Amino acid sequence: MGTKSQTHRLKGLSIPSGVVEASAPRKYLKGLKSDDYVVFKNQKPVFALDYLSLKGTDFCFNSNNLSQKDYVKLLGGLKRISAHTYETLNKERMFHFHSLNWKEVQLKESEFNKCVGCQSGEIEAFQVKVFEEARVIGFIYQGVFYLVMFDFQHKAYPRK
């Protein structure tokens, strides 16, 4: 439930000053558990950068392997994904949206947890395809997909 504020008038233009939403998502706080899929499946993703890995390694958003064109593709992919619900992402194979099984990936859960500042088992990591072979890896809290790692070359899951 929101509270409406006044509309401002400026030289013949009507500019609403906005609506404050009491149900807006809270930011993730370290130590909280991430949401279960059933809680957010009908929401569309909103992306947050609070826990972005910027260590310059292969799974970071500032890897030396990335070009300006790759960043443009990344932003386009995030925009495209945000138009769908998590349930659609999960059902449509082209998005490759799923939780990570730490026993099957080339990433260490401890490295992911270090980026977020959490303990093992507190949050569930997910991946989604953003373009070509590239995936973003993160976690979901109150419908917000917190980007953590960027698997640009699809190295996290080995090809079978």
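In short, a report on the structure.

What counts, and where the lines are drawn
- Residues numbered from 1 in each chain as written.
- Predicted model: local features only at pLDDT ≥ 70, side-chain atom pairs only at ≥ 80, totals over all residues.
- Heavy atoms only, no water.
- Core = buried A, V, L, I, M, F, W, Y, C linked by side-chain atoms within 4.5 Å.
- Buried < 20%, exposed > 50% of the residue type's maximum accessible area, 1.4 Å probe, protein only.
- Helix = DSSP H or I, 4+ residues; strand = E, 2+ residues; numbered from the N terminus.
- Contact = heavy atoms within 4.5 Å.
- Salt bridge = Lys/Arg side-chain N within 4 Å of Asp/Glu carboxyl O.
- Phe/Tyr/Trp six-rings, centres within 6.5 Å; stacked < 30°, edge-to-face > 60°.
- Polar contact = N/O pair within 3.5 Å; in protein donor to acceptor, adjacent residues only side chain to side chain.

For soluble globular proteins, nonpolar side chains are generally found buried alongside one another. Tyr-28, Phe-112, Val-116 and Phe-139 are the most contacted members of the largest nonpolar core, which has 22 residues in total. Looking at this core, the elements with two or more residues in it are helix H4 (109-116), strand S8 (134-141) and strand S9 (144-151). With four residues, the top contributor of residues to this core is S9. Residue contacts for Phe-139: discarding those within four places in its chain leaves Tyr-28, Ser-34, Tyr-51, Phe-112, Val-116, Ile-123, Glu-124, Val-144, Phe-145, Tyr-146 and Val-148. In terms of nonpolar packing, the next biggest core, distinct from the first, is built from 21 residues, Phe-95, Ile-140, Phe-150 and Phe-152 among them.

Tallied over the full model, the rule gives six salt bridges. Between Lys-73 and Glu-132 there is a salt bridge; the shortest N-O distance is 2.9 Å. Here Glu-132 lies in the loop between strand S7 (125-131) and S8 and Lys-73 lies in helix H2 (residues 68-81), a separation of 59 residues in the sequence. Here Glu-87 ties to Lys-91 by a salt bridge, and the two come within 3.6 Å at their closest N and O atoms. Taken together, the positions of Glu-87 and Lys-91, both in helix H3 (residues 86-91) and four residues apart, correspond to about one turn of that helix. Judged by its relative accessible area of 62%, Lys-91 falls in the exposed class.

A few words now on the packing of aromatic side chains. Applying the stated criterion to the full structure yields 18 aromatic pairs. Measuring from centroid to centroid gives 5.6 Å for Tyr-37 and Phe-40, while their planes differ by 85 degrees, and the two rings are edge-to-face. A residue pair is termed a helical-turn pair when its members lie 3 or 4 positions apart in one helix, as Tyr-37 and Phe-40 do in helix H1 (residues 37-40) at three residues. Between Phe-40 and Tyr-86 the ring centres are 4.8 Å apart and the planes differ by 75 degrees, which places this aromatic pair in the edge-to-face class. Taken together, the residues Phe-40 in helix H1 and Tyr-86 in helix H3 connect sequence positions 46 residues apart. Exposure class is identical for Phe-40 and Tyr-86. Each is buried. These aromatic residues form a ring-pair network of at least three members: Tyr-28, Tyr-51, Phe-139, Tyr-141 and Tyr-146.

This brings us to the environment of Glu-124. If you trace the backbone, Glu-124 turns up in the loop between H4 and S7. Given the relative accessible area of 32%, Glu-124 is considered partly exposed. With 90 residues separating them along the chain, Glu-124 and Ser-34 place their C-alpha atoms 6.2 Å apart. Setting aside anything within four residues of it in sequence, one finds Glu-124 in contact with Ser-34, Ser-99, Gly-138, Phe-139 and Ile-140. Within the structure, the side chain of Glu-124 is placed 3.4 Å from the side chain of Ser-99, a separation counted as a polar contact.

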